[in-house]
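Each chain, written out:
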Amino acid sequence: MALRRIRDPATAEPLDRGLVVWFPGPHSFTGEDCAELHVHGGPAVLSGVLRALGRLPGLRPAEPGEFTRRAFHRGKLDLTAAEGLGDLIHAETEAQRRQALRQMEGELGRLYQRWSETLTQALAHLEAYIDFSEDDNVEEEVLAQVDAAVRGLAQELGAHLQDGRRGELLRGGVHAVIAGPPNVGKSSLLNLLCQRPAAIVSPAAGTTRDVVEVSLDVTGYPVVLSDTAGLRDATDPVEREGVSRARDRLQRADLVLAVLDATAVPAEPAALGAAVGSLVPPAAPCILVLNKADLLGGEAGALRAACTQGPPVPPATLLSCKTGDGIERLLELLGQQLAQLCGDPLAGSPSLTQRRHSQHLGDCAAALGGYGRHRARDLGLAAEQLRLARRHLGRITGHVGAEDVLDIIFRDFCVGK
Amino acid sequence: MLCRGPWRRLALPPPSPGARRAGSGAAPGYEVLVIGGGHAGTEAAAAAARGGARTLLLTHRIGTIGQLSCNPSFGGIGKGHLVREVDALDGLCGRVCDLAGVHYKVLNRCKGPAVWGLRAQVDRGLYRDNMRKEILNTPLLTVHEASVEDLLLTEPEPDHPGKCRVRGVVLGDGSTVHAGSVILTTGTFLRGMIHVGLEKHPAGRLGDQPSVGLAQTLERLGFAVGRLKTGTPPRLAKDTIDFSGLEERTADNPPVPFSFLSKAVWIKPEDQLSCYLTYTNLKAQQIVQDNLHLNNHVRETTKGPRYCPSLEAKVLRFPNREHQVWLEPEGLDSNVIYPQGLSMTLPPELQEQVINSIRGLEKAKMVQPGYGVQYDYLDPRQLTASLESRLVQRLFFAGQINGTTGYEEAAAQGVIAGINACLRVRGKSPFIVSRTEGYIGVLIDDLTTLGTTEPYRMFTSRVEFRMSLRPDNADARLTLRGFEEAGCVSQQRYEQAVKMKAALEDGIATLKSLQFSISKWSQLIPEVHLSSNRRSPMSAFDMLQYPEANMEILARAIPEPLGKLAEWRELSERLKIEAAYEWCVVNQQQEIEEVRRDEALQLPEDLDYFAIDASLSTEVREKLSSNRPQTIGAVSRIPGITPAAIVNLLRFVKNKHQKAEKLKAFPQTDKCLPGNMYLEKAASQQQISAELSEEEMESTFVKTPV
């Protein structure tokens, strides 16, 4: 076991510093040579490491239950161990099944489903061409249609995988930054959001120690929330460094939660808007949180009115981190912003599933590329690539067996003698 | 019917240990007995005899051994693979085809060698005569003409599942024949019923009687029985057909033989016959639609094959288009043409009208009408992967009786059943071909694990490892195993396969050792368009992957050491194929290993899935119970079985295994179950098809003699 810097083998970019454990077989869990990387839990780190691993030839995510099965095959599991693990895997796969189901109801699910149908049909038609074209009524045009379908699908998949921000946000999570002057309750806000029982929380120190990062599931969207140092002209060198990093974070934020002290802001909309503008980069989507609302007196009404004013005031709410008043409204605003940012109403898809998906989609796209390369040379090899693509997509949308393919063949063609 | 079978003794208490000695081992008679002389029966009988078993083949008529009941052709896409594999196990059909073909054609030539379909039109008479000659000249194999009415049954062996054991058969004349194993290959003869128009009469094939007594016996024993249908087209007089203006399809020159043993086929390439293509038109469709009321076979709901549809099925499902009709010669000197694609069951006079509506057939004379056959088949999930029945020990089933269609599918099962019937008598472990080893493995695994509700036909699309299981390498996959494990392969064939295997390995090693830079290769073989930008040197084996490259070109560039390899034509062709598929086969290796590992994990034959203490849902238990998978690999192919269920099942089996090990320290209790328990087990087998069109079938298990 060793503490090591973990780099992307392709770009040499450092991804994290973490523990690397080597278990030589046969004394590992599965009996095979195994390596474990213990990395920080932030989705950015995780997805970075997984993506880098996924690019290594021969590496793929394990199937549900695969580690246990491998261990079993090697005679490594005693019964008590297997007992517990079976239940664990059961829970895991059940959860995955439910997750997948939930996901399949969304727009993204429908998209995957459509791809799956397109690909299965293309495969079935190609199989029909192989098994029947010679002395049956399966004509050459079928092959041209398969080519077109595969080309179209490869393009769509490629675009989906590289759809820049939107796909990234869905896969890696929305980076939201809490920013504001010192002592307005930024850390309290972070803790408050973490304590919501509805939110899934995995706190972890970020790669820079002064930024605290947590992963949240807000109304189904994956969010990476960072708490930053208070923004001011600091004199202490350490604090100055912290502020500089906070500004850096702000520049890269997908969403800013600007926190101001409700007792110290002007109620006049233009002035309030200007106060936010001095904190937040101009183009960044923003939610204004006026904290310490419990300390407000008569000016509360005017502020509340300003919050619903609209531009130049961003979506805003009064909040008391102390009493929790206003948190519902804040979550509602967050949900609206996230929906806008992510586009898809992606219901409850934790980021882990997403990374698996992107890996399988990537493999599927690669296999579709392989189809094009083999098409002219050897139709059998080209079909093999489509089968491979189908298997990868099947990991997301469900298994398709030989009989399903035959069903399509007999539905679409009059074959046989 | 005669009911002399001692199966009536099933309800008796378990026999004393001494009774077992009276079993087949000591009994005179045959070691293996095969019922049926079709494609499954002939291969089964010959394989058992090759394995060294004293074998008896019983058939209604010796004259119909090797009869092609339907199309006058062998092989095709997927089916050609099966013929090659049967041949690799030293089976008969490939060699006989090489003595009987009149039009050899490799289908899918342009789609890659993995999916090439070896096919031939064969001369019916030559095929039958050569097959009969093979069978009658096989050492240890006796052939008798007789009808089989019943099975002789006795108490089961304690160390195998099954409620009783077969020890022979009762013939039509009441006499009995004893045998160590019995193989049933009765095709469509179990309660066979021929349909033409509104007429129907019992028959297995036109002119041959069905087997009714056997069907009743099997049913009584608790076998789940279903009903299937198939059909055959009318036959036409060749000299009444106008071939001018029809599309001609000529045969391959040179013809590619089916058998690894054949250097060439019997016929001179230029003497081969042609096939012709014509099409139906809307007139034929009109006739079919106007006369549906005269067509019992089509109206009934019994399952027919989707891929061998009757003309009626085609025009009903895909109306308003032309359908292909291939005019195939039935033989060199035959005046009969087989119109493939015109299978129908209309009354004969209407069949003639349909025929005469087709271009080229306007004046064609029908020499025999098309007809439909409906027949019983047994749910193949009642069989193990060696094709032995789980209900009746030492009773094997092969061919159409298991729900398949096609000569090649039947032959493939026949070889496996023959080998295993022989091994069973010898007390040796069964010979199983895995899905990763051959189309035969896929066929039998699909049948015995998933069953079938329509006549099952082989397709390449059913095969997961299609790139590895090719027609060219069937010998490398099966011949060595067949010789070493099953003893069903001749010394000569074995030596030939060993020699080829060694030559391939040496050849690949030599090719891989010749390494040059890409620019050097461009100079050496300018005729090959090299598109790689690889910096590292590339081998001659890499070069061979390019479509334009072949051994001849390479040998011209590097005569030493490649010249010698290129001279051996068959080796050169196989090296080229190996090179083209190497990366794909290597990529699939891990997957193949996984499948093999799962297939190696056997599940107990007699597992009661409803009783076992494992965390499995009722739905999963039901699926496992009706499919009765034999290995964890088979479990994973049953639709709807979750990974969690597989892990739980693994855990249970391992647990049970460990307990059994511990128990070995204690004296064994008698494992013989009383008869009524067998009957309960039998009753849990469900009737698989609700579409019984003729008589209502009763499953009565408690029997009274007639």
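So, how was this worked out
- Residues numbered from 1 in each chain as written.
- Chains lettered and ligands numbered in written order.
- Predicted model: local features only at pLDDT ≥ 70, side-chain atom pairs only at ≥ 80, totals over all residues.
- UniProt positions renumbered as here; feature names shortened; annotations may be inferred.
- Core = buried A, V, L, I, M, F, W, Y, C linked by C-beta atoms within 7 Å.
- Buried ≥ 20, exposed ≤ 12 C-beta atoms within 10 Å, placed from the backbone.
- Contact = placed C-beta atoms within 7 Å.
- pLDDT = per-residue confidence, 0-100.
- Helix = DSSP H or I, 4+ residues; strand = E, 2+ residues; numbered from the N terminus.
- Pairing = 2+ DSSP bridges.
- Right-handed = clockwise from strand over helix to strand, strands pointing away.

- Labelled according to an unreviewed UniProt entry, chain B appears under the name 5-taurinomethyluridine-[tRNA] synthase subunit MTO1, mitochondrial, originating from Cairina moschata.
- The record held by UniProt for chain B lists under Subunit (unreviewed entry) the comment "Homodimer; forms a dimer in the presence of potassium. Interacts with GTPBP3; forms the GTPBP3-MTO1 complex composed of homodimers of GTPBP3 and MTO1."
- Looking at chain B in UniProt, the text filed under Catalytic activity (unreviewed entry) is "5,10-methylenetetrahydrofolate + uridine(34) in tRNA + taurine + GTP + A + H2O = 5-taurinomethyluridine(34) in tRNA + 7,8-dihydrofolate + GDP + AH2 + phosphate + H(+)".

- Looking at an unreviewed UniProt entry, one finds chain A named GTP binding protein 3, mitochondrial, with Cairina moschata as its source organism.

1. Things to note about the nonpolar core
Item 1. Grouped together as the largest cluster of nonpolar side chains are 177 residues, with contacts concentrated most on V32, L33, V182, I183 and F396 of chain B.
Item 2. Apart from residues lying up to four places away in sequence, F396 of chain B is in contact with S181, V182, I183, L184, L387, E388, A417, N420 and A421 of chain B.
Item 3. V184, L189, L334 and L338 of chain A belong to the second-largest nonpolar core, a separate cluster that totals 45 residues.

2. Some details on the confidence of the model for chain B
Detailed reading of the predicted coordinates is not advisable wherever pLDDT falls low.
All names here are of chain B.
Item 1. Taken as a whole, chain B shows an average pLDDT of 85; of its residues, 86% reach a score of 70 or greater.
Item 2. Residue range residues 1-27 is modelled with pLDDT below 50. Its contacts to residues more than four positions away, or to other chains, number 49 contacts.
Item 3. Segment residues 665-706 is flagged for pLDDT under 50; beyond a separation of four residues in sequence, or across chains, it makes 58 contacts in the model.
Item 4. Both scores are given for the predicted complex: the pTM is 0.74, the ipTM 0.81.

3. Focus: the pairing of strand β8 (residues 255-261) of chain A
Residues and elements named next belong to chain A.
Item 1. Among the 7 residues of β8, 6 are classified as buried, and the element is accordingly described as predominantly covered.
Item 2. Taken together, the 4 bridges between strand β4 (residues 174-179) and β8 define a ladder with parallel strand orientation. Of the residues in β8, the one forming a bridge with A176 is L255.
Item 3. In terms of strand pairing, β8 meets strand β9 (residues 286-291) through 6 bridges, oriented parallel. Each residue of the ladder has a partner; that of V256, found in β9, is C286.
Item 4. For the crossover from β8 across helix α9 (residues 269-279) to β9, the handedness is right-handed.

4. Topic: the environment of L89 of chain B
Residue and element names in this part refer to chain B.
Item 1. With respect to the element layout, L89 can be found in the loop between α2 (79-88) and α3 (93-97).
Item 2. Placed 323 residues apart in sequence, L89 and A412 show a C-alpha to C-alpha distance of 9.6 Å.
Item 3. Sequence-distant contacts of L89, that is, excluding residues within four places in its chain, are made with V415, L478, G482, C488 and V489.

5. Observations concerning unusual backbone geometry
Item 1. A cis geometry characterises the amide bond from N253 of chain B onward to P254 of chain B, with omega recorded as 5 degrees.
Item 2. Structurally, P254 of chain B is set in the loop between β14 (247-249) and β15 (275-279).
Item 3. Omega for the bond connecting E560 of chain B with P561 of chain B falls within 30 degrees of zero, at 10 degrees, which places this linkage in the cis form.
Item 4. Mapped onto the fold, P561 of chain B is located in helix α17 (residues 559-567).
Item 5. Residues other than glycine seldom take positive phi values, yet A12 of chain A does so here, at roughly 65 degrees.
Item 6. Overall, the presence of 7 C-beta atoms within 10 Å leaves A12 of chain A in the exposed class.
Item 7. Even without being a glycine, N108 of chain B presents a positive backbone phi close to 65 degrees.

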